[in-house]
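Working through the structure, step by step
The residues making up each chain are set out below.
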Amino acid sequence: APSPPWGGGESPPGGRPPAARGGGGNTRLATNPRHSARAGRDAAEGEEPFHGSEPRPAEGCRNSDLCAAAITKALARANLDKSELDLIIISTCTPDYPVPSTATIVQSNMEIPECAAVDIRSACCGAMQATITAMQYCRTGYYRTVAICGCDVGTIFGNLDKDSPTYCRQDKVNACMIGDGAGAFILRGFDKEAGEKPHGIEILYSTMNSIGMGKPFGMYLPLGGSCLPATVKRCEEGLQFFKHDYRGVLEHGPELYLRALQDMLDNTEYELNDINIFIPHQANGSISQIAEKLKFPAERLFNDFTDNGNTANASLPIAVDELVEKNELPEGALVALGAAESTKWLYAVLLLRWSCLAGENDAKLGERDPLYARLYARALIALASFALRVQKLKKSLMG
């Protein structure tokens, strides 16, 4: 399956942006800049991120504003004009309004007279879901150029009033954890029959899955949908704020990452030790423990949680953009993106073959680990998954 982001300061010879290729597909992802705001992190440190007494975003920091800024930067980096966009997909769980869709507002803000515009309502897995969805349009040739933007402004939905009768520990956890931001990809199809040569970052594997049947929400926003329309009484009960079973997330979240990695390894020729860098969705401060449990080198686990917090839909696009800007990965490196979403227990994964897109990089790939080391790493994932299931079974039998 085809392609994710590239972001480079220069276009290749011929003036066309680098193309991300897919196995037999016809899609390229042109770029991945980001635009982020950190009102939530300031709030955790006691600063006031909002205007007035009501929680609302500062001027220019609405969800649609951040999306428009990120997509505009992506187009500039890809050397493409906004008139070339056929489709805009916005993945978010904190839209400007229930209706109209945020994508249509972004289109309007960018002054694009006509194009298709769609929202995907999801959280931490949303950007991966949007990318995989866009790939299908590009591979079939239905659309040629698609802008994907993951964006959330979750700080607005956090209860920061410690004197509120509904304030509790989970509100404090959310205030310290949630960040605001947006990250954009441009996905573009290419026509090999017309002589277009695939190049750029290649997607080697992609999948998404939902395993939450029968499980309670790990995190959710009660108010505003058709189940609980907004009323004064419900606002007084604090239902307009995120509810977060953070203990349940810490207990069950690792299983989602393990399932994502297991799916990837089962369906590709690679082992865990072949991965040059693993980028998990930056859910919380315990991300570093993933490397510990899998005996995966800590320096090969991407972690920017202390800088950006949990930006939900924007997390993985922002992480990829940071890798592009650092330009330290060798040509051909394997990069795995793993998203784990606790709202109703979903996961998604992309495996990328990296291409150096921000200037020259002469770094060479190291030799592949010996067979016994690769088998050992695979066994560790299987054992970790088994241990988690046994732990859950014991808990259910005892409780």
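Residues numbered from 1 in each chain as written. Predicted model: local features only at pLDDT ≥ 70, side-chain atom pairs only at ≥ 80, totals over all residues. Heavy atoms only, no water.

1. As for unusual backbone geometry
Put simply, the rule is: Working definition: helices are DSSP H or I runs of at least four residues, strands are E runs of at least two. Numbering for both runs from the N terminus.
Note the cis peptide between Val-99 and Pro-100, where omega equals 0°. Mapping Pro-100 onto the fold places it in the loop between strand 3 (87-92) and helix 3 (102-109). Within the chain, Asn-79 stands out as a residue other than glycine whose phi angle is a positive 60°. Structurally, the position occupied by Asn-79 is in the loop between helix 2 (63-77) and strand 3. Backbone geometry at Asn-327 places phi at a positive 55°, although glycine is not the residue there. Checked against the element boundaries, Asn-327 lands in the loop between helix 10 (315-326) and strand 11 (334-341).

2. Considerations on helix 4 (residues 126-140)
Spelled out, the test is: Working rule for helices: expected span equals 1.5 Å times residues minus one. Burial classes follow relative accessibility: with a 1.4 Å probe on protein chains only, a residue under 20% of its type's maximum area counts as buried, one over 50% as exposed, and anything between as partly exposed.
The terminal C-alpha atoms of helix 4 lie 22 Å apart, and with 15 residues this matches the ideal 21 Å at 1.5 Å per residue to within 8%. Those residues of helix 4 that fall on the buried side of the exposure criterion are Gly-126, Ala-127, Met-128, Gln-129, Ala-130, Thr-131, Ile-132, Ala-134, Met-135 and Cys-138. Two residues or fewer after helix 4 comes Gly-141, characterised by a positive phi angle close to 85°.

3. With respect to the pairing of strand 3
Note the threshold: By convention, a crossover is right-handed whenever its connection, traced from the first strand over the helix to the second and viewed with the strands pointing away, goes clockwise. Criterion used throughout: strands pair if DSSP finds at least two bridges between them.
When you tally the buried positions in strand 3, you get six out of six residues, the bulk of the element. Of the two faces of strand 3, the one lined by Leu-87, Ile-89 and Ser-91 and the one lined by Ile-88, Ile-90 and Thr-92 are each fully buried. What joins strand 3 to strand 4 (residues 116-121) is helix 3, and the crossover it makes is right-handed. Looking at chain direction, strand 3 and strand 5 (residues 145-153) are connected through five bridges and run parallel. Along strand 5, the bridge assignment pairs Ile-90 with Cys-149.

4. Quick notes on the sheet that holds strand 11
Note the cut-off: Structural elements are reduced to axes, namely lines fitted to C-alpha atoms, with helices fitted over the stretch in contact, and the angle between N-to-C directions of any two is expressed from 0 to 180 degrees. When checking whether two residues touch, look at their non-hydrogen atoms; a contact exists if any pair is within 4.5 Å.
The four strands lie next to each other as 7-12-11-10, forming an open sheet whose pairing is mixed. Whereas interior strands pair on both sides, the edge strands pair on one side only; in this sheet they are strand 7 (202-210) and strand 10 (277-280). Between one strand and the next, the sheet's axes are offset by a mean angle of 10°, whatever the strand orientation. As defined by bridge partners, strand 7 adjoins strand 12 (residues 346-353) across eight bridges and the pair is classed as antiparallel. Residue pairing in the sheet places Ile-203 in a bridge with Leu-352 of strand 12. Against the sheet, helix 4 makes contact with strand 7, strand 11 and strand 12, and its axis sits at roughly 120° relative to strand 7, the strand it touches most.

5. Let's talk about the confidence of the model for the chain
Note the threshold: On a scale of 0 to 100, pLDDT captures the predictor's confidence in every residue.
Here the chain averages 78 in pLDDT, while 74% of its residues score no lower than 70. When the criterion is pLDDT under 50, residues 1-53 qualifies, and its contacts beyond four places in sequence or with other chains add up to 212 contacts. Here residues 358-366 is modelled with pLDDT under 50, and outside its nearest four sequence neighbours on either side it reaches 19 contacts, counting other chains as well.

6. Comments concerning the pattern of salt bridges
What counts is decided by this rule: The working definition used for a salt bridge is a side-chain nitrogen of Lys or Arg within 4 Å of a carboxyl oxygen of Asp or Glu.
Here the structure, examined in full by the defined rule, presents six salt bridges. Two residues, Glu-84 and Arg-188, come together in a salt bridge whose shortest N-O distance is 2.9 Å. Here the residue Glu-84 occupies a position in the loop between helix 2 and strand 3, and Arg-188 occupies one in strand 6 (residues 180-189), the gap between them amounting to 104 residues. For Arg-188, a relative accessible area of 6% puts it in the buried group. A network of salt bridges, in which partner residues are shared, links Arg-77, Asp-321 and Glu-325.

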